[in-house]
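Fold and contact review
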Amino acid sequence: MKKHLIYTVTGMLLISLFAGLASGQDVVMEMPPTREAFDTEEFTKLEISPRYGYLQLQPGTSKELTVTIKNKEEETITVSPHVVVYPYREYLFDEEWISISPESKEISAGGSQKFKITTTVPEDASIGGYSVSIAFTDETVPTITQQPFPDYIHSFHLSIDVWTPPRVQIQKPYISDQLEAGKEYDYNIKLKNIGEEAIAINPVISQDNQFFGGPFGLMEPAFTDESITITAPKEIPAGGSVEINIHVNVPADAKGNYHSAIDLGIDDQSIREWEGMVQLDFSIWKQPTEPFIKKFSTSEDGPVTIEVSSNLFGGFPYFASSVTNNERKASFAVTLTGPDNEEVQLKKARTIMKGSVSLGGMSMYGPPWESEGEGIYDEMGIQVIEKYTANTQSGEFELGILPQNTQNFEYTITTGE
Amino acid sequence: MRWNSNFAGLLIIFAVLTSGCLIASSTKPHWVHDVEWQGDVPGNVQEIETALWTQIVPHKMEYETVNITSHREGDIYRIQVVGISNASQYADKYDFIVSVDTLTRTGYLLEAIPHYERNSAIATAMQNQEVKESGVSGNPTVRRILPETSKKYYAEKTLLSVTWTGVSALVDPQEWRVVTVWRGDE
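Residues numbered from 1 in each chain as written. Chains lettered and ligands numbered in written order. Predicted model: local features only at pLDDT ≥ 70, side-chain atom pairs only at ≥ 80, totals over all residues. Heavy atoms only, no water.

1. Overview of the packing of aromatic side chains
Applying the stated criterion across every chain yields a total of 15 aromatic pairs over all chains. An angle of 65° between the planes, with centres 5.9 Å apart, marks the rings of Phe332 of chain A and Phe409 of chain A as edge-to-face. Placement of the pair is Phe332 of chain A in strand E25 (residues 331-337) and Phe409 of chain A in strand E29 (residues 409-415), with a sequence separation of 77 residues. Accessibility expressed as a relative area gives 8% for Phe332 of chain A, which makes it buried. Take Phe409 of chain A: its relative accessible area is 25%, and that puts it in the partly exposed class. Here Trp31 of chain B and Trp53 of chain B contribute two aromatic rings whose centre-to-centre distance is 6.2 Å and whose plane-to-plane angle is 90°, an arrangement assigned as edge-to-face. Of the two residues, Trp31 of chain B sits in the loop between helix H1 (2-25) and strand E1 (35-39) while Trp53 of chain B sits in the loop between helix H2 (45-52) and strand E2 (65-73), which places them 22 residues apart along the sequence. Neither residue differs from the other here; Trp31 of chain B and Trp53 of chain B are each classed as buried. (Phe/Tyr/Trp six-rings, centres within 6.5 Å; stacked < 30°, edge-to-face > 60°. Helix = DSSP H or I, 4+ residues; strand = E, 2+ residues; numbered from the N terminus. Buried < 20%, exposed > 50% of the residue type's maximum accessible area, 1.4 Å probe, protein only.)

2. A few points about unusual backbone geometry
In this structure, Pro50 of chain A follows Ser49 of chain A across a cis peptide bond, with omega equal to -5°. Its place among the elements puts Pro50 of chain A in the loop between strand E1 (46-49) and strand E2 (52-57). The phi dihedral of Asn341 of chain A falls on the positive side, at around 65°, and the residue is not glycine. Assignment of secondary structure puts Asn341 of chain A in the loop between E25 and strand E26 (347-358). With relative accessibility at 66%, the residue Asn341 of chain A sits in the exposed group. Although it is not a glycine, Lys60 of chain B adopts a positive phi angle of roughly 55°. Summarising the element assignment, Lys60 of chain B is placed in the loop between H2 and E2. Looking at Lys60 of chain B, the relative accessible area reads 32%, which means it is partly exposed.

3. Regarding the confidence of the model for chain B
Residue and element names in this part refer to chain B. Averaged over every residue, the pLDDT of chain B is 82; the share at 70 or more is 85%. Within chain B, no element has a lower average pLDDT than H1, which sits at 43, and none a higher one than strand E8 (residues 167-172), at 94. Overall, residues 1-5 carries pLDDT values under 50, and its contacts beyond four positions in sequence, including any with other chains, amount to zero contacts. Of the regions scoring below 50 in pLDDT, residues 7-26 engages in two contacts with residues more than four places distant in sequence or in other chains. At the level of chain-chain contacts, confidence expressed as ipTM amounts to 0.76, with global pTM at 0.57. (pLDDT = per-residue confidence, 0-100. Contact = heavy atoms within 4.5 Å.)

4. Examining the nonpolar core
Residue and element names in this part refer to chain A. Ile189, Leu191 and Phe223 are the most contacted members of the largest nonpolar core, which has 30 residues in total. Contributions of two or more residues to this core are made by strand E11 (168-170), strand E12 (174-179), strand E13 (184-193), strand E20 (241-249), strand E21 (257-263) and strand E22 (277-284). Contacts of Phe223, omitting those with residues within four sequence positions, involve Leu179, Ile228, Val248, Val250, Pro251, Ala254, Tyr258, Phe282 and Ile284. (Core = buried A, V, L, I, M, F, W, Y, C linked by side-chain atoms within 4.5 Å.)

5. Here's the deal with the sheet that holds strand E6 (residues 98-101) of chain A
All names here are of chain A. The antiparallel open sheet is built from four strands, whose spatial order is E1-E3-E8-E6. Two strands in the sheet have a free side with no partner beyond their single neighbour: E1 and E6. In this sheet, neighbouring strand axes are inclined to one another by 25° on average, regardless of whether the strands run parallel or antiparallel. Across four bridges, E6 lies against strand E8 (residues 112-120) in antiparallel orientation. Directly across from Ile100, in E8, lies its bridge partner Ile117. (Pairing = 2+ DSSP bridges. Axes fitted to C-alpha atoms, helices over the stretch in contact; angles between N-to-C directions.)

6. Focus: the pattern of salt bridges
Using the criterion set out here, one finds 14 salt bridges over all chains in the structure. Of the charged contacts in the structure, one is a salt bridge between Lys72 of chain A and Glu47 of chain A, with a shortest N-O distance of 3.6 Å. Of the two residues, Lys72 of chain A sits in the loop between strand E3 (62-71) and strand E4 (77-79) while Glu47 of chain A sits in strand E1, which places them 25 residues apart along the sequence. Here Lys72 of chain A falls in the partly exposed class, since its relative accessible area comes to 43%. Given a relative accessible area of 40%, Glu47 of chain A falls into the partly exposed group. A salt bridge links Arg177 of chain B to Glu175 of chain B, with the shortest nitrogen-to-oxygen separation between them at 3.0 Å. (Salt bridge = Lys/Arg side-chain N within 4 Å of Asp/Glu carboxyl O.)

7. A look at the sheet that holds E25 of chain A
Strand pairs in the sheet, formed through backbone hydrogen bonds, run parallel or antiparallel to each other. Residue and element names in this part refer to chain A. As summarised here, the arrangement of the three strands in space is E23-E28-E25, forming an open sheet in which the pairing is antiparallel. Edge positions in the sheet fall to strand E23 (292-298) and E25, since each of these pairs with one other strand and no more. Adjacent strand axes in the sheet meet at a mean angle of 20° when their direction is disregarded.

8. A word on H2 of chain B
Residue and element names in this part refer to chain B. Inspection of H2 places Ile48, Glu49 and Leu52 among the buried residues, and these make up the whole buried set. The buried residues of H2 occupy one face: seen down the axis, they fall within an arc of 100°. Packed against the buried residues of H2 are E1, E2, strand E3 (76-84), strand E4 (92-99) and strand E5 (102-110). (Arc of directions from axis to C-beta.)

9. Thoughts on the environment of Asp101 of chain B
Inspection of the secondary structure puts Asp101 of chain B in the loop between E4 and E5. Sequence spacing of Asp101 of chain B and Glu47 of chain B is 54 residues, and the spatial spacing of their C-alpha atoms is 8.3 Å.

10. A few points about helix H3 (residues 115-126) of chain B
Residue and element names in this part refer to chain B. A rise of 1.5 Å per residue sets the reference length of H3, with its 12 residues, at 16 Å; its end C-alpha atoms lie 16 Å apart and thus fit the reference within 8%. Of all the 12 residues making up H3, 12 are buried; the element is thus mostly covered by neighbouring parts of the structure. By the burial criterion, the buried members of H3 are His115, Tyr116, Glu117, Arg118, Asn119, Ser120, Ala121, Ile122, Ala123, Thr124, Ala125 and Met126. (Expected span 1.5 Å × (residues − 1).)

11. Let's talk about the environment of Asp186 of chain A
Residues and elements named next belong to chain A. Its location among the elements puts Asp186 in strand E13. When the C-alpha positions of Asp186 and Asn249 are compared, they lie 8.9 Å apart, and in sequence the two are 63 residues distant. Among the polar contacts made by the side chain of Asp186, one reaches the side chain of His247 at a distance of 2.9 Å. (Polar contact = N/O pair within 3.5 Å; in protein donor to acceptor, adjacent residues only side chain to side chain.)

This is the structure:
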């Protein structure tokens, strides 16, 4: 019975297959657009200037922009601008917020037309970044598959930052430091309320803003959030200031980096997500207490020159910057012990500060999208070189170097003139 | 006594007029707190500043100070603008040329990025397979790429370039994903 059923179904399948082939009906397959279809020659030649605009608007205010369309065709073109809203963006733009004048215009061959774009943000608009396009024609970029949101060729892209002046001022929204394992640190964040009402705060370590990246790739954080204690009042009085205390108890076995943020929990609409955060960037550093020792010998009496240099690209702390001058300068405690185990007097002959400055731009060292930085000075790193001299007798010596604020260093020992 | 009161009156009038002029000449947008000029300061400072505020913009922060250094070369002025914010340890740098009454931006190097975004950009870049495989190490630079540059490589929007020696990832901060990777050895 079962066998009979299998034979019947197989037979029906074969008959239907052959019937399909025998019918000779053409199977129409939609082919993707050819290379020619992408040829710009097929598009209406319109110059749009500018192509991109940026507005910062407070709710209840408006601003005007002008976009000029130049007809590069040899015939008259009708331009009818319309607003294109992308509904998948975080903040939804309402096309009613934009008015365009004129609504439509015929532009003669070689002629140009200015369009006045007025953006009005209503009082109840959410604070945030909006993005919208204004398409001047219906022509779209051909695509292989149908796109839910077409890419208009003749478009002007407008970014709108809707903001209100924040009522809470954060003195410095980041804390970055180099910490020693086993030690405790205290930091203060000062908040000022310039409004006329008290504002509630609830600072906590942000759970959704952590990553464990460091200078050498992804890694575990140096310590857990439990090592950080936050002490803060519940609110900032109107016109007053408060301080939030951050206490960090670095575990004795901590190694690596810790990155996270404190979400201040400011109850104020004018503070955007990233504005209400204080970033924490800590690099754990174990300051050696014993010097590095190098033994060497000289066969003749005479001068000995010691040169010690820090790493050019390894400034401290890890996130330090020459702009804010919070970089800790590298230094060295250098000692020399002579043949009779007596300390040899070293004379610091000179200290050199050596920098590396890039002129940016397109090169084999940088990506093409950073080419706009060409010709702009960019200090890549600073190196400290210290040179010591001593007059010695021949024999066995012991050089001691205790580094401070540098992760690696180099030394040179020169004997003789 | 009479001379003193006349002098005081004149002083008040002068102060009121001067403050009026200063307010009238202030063209600063809300996101610039202080402007300092250095070097060969051109005569039409106010016009240049007005044009400047349409060509520079901080990224999710305000500039505490904008330092403008001007250098005259014949009929043109070369202007470097450095925007410094309390919200970042790094600065934004822009280069301009002023010729007759036109201000043209000739370059930029923008590193004043909120810590939150800077770290997220590094994290996003490091999770990219190609970046991972290239074995990057050390502290990368994170730079803001303006829409007019970005459109050549992805789309007309602000992107963040995370660069180590020989490897760079272009990150879309709206979607937190790497849109393209550059490798110096290819």
